[in-house]
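Spelled out, the chains give:
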Amino acid sequence: MSTASEFERTLGRAAAIGVTDHSRTHTPAHATRCLLERLDTCVLGREITMRVNGDVHLVAHVKDRSILRITFAQATPALKAIAGHSLTDTPDIRRDLHALLTAVCKSGVSIAIEQRPLSSPREEGRVGVPVSALLEMQERQAAPPTPEAHIAAISFKMAQWQRFDPPSPELDAAIAHVSRLQDSFQWLPPQEFALVPHSGPFALALRGDGVAAVLCIKAGNAMSVPADVVEALFSDLLTQHADL
Amino acid sequence: MTTDDLAQFVHENAGCELAILADTRTQTILCAHSKLRLGQERLDDLCKMAARLFAAGPELTDMRHITDLGQSLFFRAAPDTCEALCALCSRSADLENLDVHARTLLGRSSG
């Protein structure tokens, strides 16, 4: 276990390089309120850790204001049931969590709450979370494709364009546009998308692994079509056409 | 556009966590509002991303970057202008409203 001063220095360094945001507090009530607030406002993926007197007492993976995974030094059946539920929709869970946190924090001389994005790389040797089982995120369930959007044409590394929609000058223009853009988006990590509006119903999608596509969007536009729909369209198409 | 405008923008769009107004030419953050306390480097990253995306397509006004954990949206009032509104959102955010609000905000600022 680290001494308080080592712990404080580590947190300070981590905060300075942007690895983690943290707060320190001295009262159980404030610590509990602070942690619940972090859980409640977390919409992007984050790992939130609570330490009491330097020891890790809680590690939660949170996204979209829901707890994906949680471990707690004093695990109880009620707490185990929290994972997978939305904090906003389940006041009972909120109440149970509040009671458990308050009980834990009663012995707290030093209480710290850290958070960092789930996607940030972990650093060896840093005072960190000793729960290796929590490293993997819950597998995201992609939504099924909707009739509001479909892939009009697709290409792998610009080798050849496969058209699914009837030929039209508008589709050709969209293909030419995405072809021009693709070189500039090679820095995209695989599985990440850049989406760019084009004229008419068309939008351009570039994926980090070199797949480029023209999407035909019938409801909304490139800036509003749900992310899960975009990913499901690609996944569906690539499954159906493994030979592409 | 002021920090208050951005605060209202974040508040009115469920799932939007952070909004910044950035100068993509100088890569400077002009103002920002976030629901969470984020390090300056997080804001800088978003600003750099906006600069990179719009450098790739100077003719474009809107762009979107989708990752496993969330999405970033980038708007500017006209092609080849250096001010961009950037929003960091959850994957399930209601982007239809956000799109409209962003254009309204930009329109008001440039008008």
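Quick look at the structure, then. Everything numeric here is computed off the predicted structure, so don't read it as measured data.

### Things to note about the interface of chain B and chain A
- Taken residue by residue, the interface counts 37 residues in chain B and 44 residues in chain A.
- Taken over both partners, the interface formed by chain B and chain A buries close to 3,200 Å², and the fraction arising from carbon and sulfur atoms is 56%.
- Among the residues of chain B in contact with chain A, R64, L69 and R91 of chain B are the three that bury the most area, contributing 23% of the side total.
- The interface formed by chain B and chain A holds 0 salt bridges in total.
- Inspection of the region where chain B meets chain A yields 7 residue pairs in polar contact (both at pLDDT 80 or more).

### Description of the packing of aromatic side chains
All names here are of chain A.
- On inspection of all chains with the given rule, the structure shows 2 aromatic pairs over all chains.
- Seen in terms of ring centroids, F193 and F234 are 4.8 Å apart; in terms of plane orientation they differ by 65°. Their pairing is edge-to-face. Of this pair, F193 sits in strand 8 (residues 193-197) while F234 sits in helix 6 (residues 227-240), placing them 41 residues apart in sequence. Neither residue differs from the other here; F193 and F234 are each classed as buried.

### Observations regarding the pairing of strand 3 (residues 62-66) of chain B
- Most of strand 3 of chain B sits inside the fold, with 5 of its 5 residues counted as buried.
- Residue alternation in strand 3 of chain B divides its side chains into two sets, D62, R64 and I66 of chain B and M63 and H65 of chain B, and both sets are buried.
- Examined bridge by bridge, strand 8 of chain A and strand 3 of chain B share 3 bridges and lie antiparallel to one another. Note that in strand 3 of chain B the partner of L195 of chain A across the bridge is R64 of chain B.
- Inspection of the sheet shows strand 3 of chain B paired to strand 4 (residues 71-75) of chain B by 5 bridges, in the antiparallel sense.

### Some points on the nonpolar core
- The biggest cluster of nonpolar side chains holds 37 residues, and the ones touching the most others in it are F185 and V214 of chain A together with I20, F74 and C86 of chain B.
- Elements supplying a minimum of two residues to this core: strand 6 (149-156), helix 5 (169-182), strand 8, strand 9 (202-207) and strand 10 (211-217) of chain A together with strand 1 (16-23), helix 2 (40-56) and strand 5 (83-89) of chain B.
- Ranked by residues supplied to this core, first place goes to helix 2 of chain B with 8 residues.
- When near neighbours in sequence (up to four residues on either side) are disregarded, F185 of chain A contacts A194 and L206 of chain A together with L53, A56 and M63 of chain B.
- Among the nonpolar cores identified, the runner-up in size contains 22 residues, and A31, L58, I70 and L100 of chain A belong to it.

Rules and cut-offs
- Residues numbered from 1 in each chain as written.
- Chains lettered and ligands numbered in written order.
- Predicted model: local features only at pLDDT ≥ 70, side-chain atom pairs only at ≥ 80, totals over all residues.
- Heavy atoms only, no water.
- Contact = heavy atoms within 4.5 Å.
- Buried area = accessible area lost by both parts, 1.4 Å probe.
- Salt bridge = Lys/Arg side-chain N within 4 Å of Asp/Glu carboxyl O.
- Polar contact = N/O pair within 3.5 Å; in protein donor to acceptor, adjacent residues only side chain to side chain.
- Phe/Tyr/Trp six-rings, centres within 6.5 Å; stacked < 30°, edge-to-face > 60°.
- Helix = DSSP H or I, 4+ residues; strand = E, 2+ residues; numbered from the N terminus.
- Buried < 20%, exposed > 50% of the residue type's maximum accessible area, 1.4 Å probe, protein only.
- Pairing = 2+ DSSP bridges.
- Core = buried A, V, L, I, M, F, W, Y, C linked by side-chain atoms within 4.5 Å.

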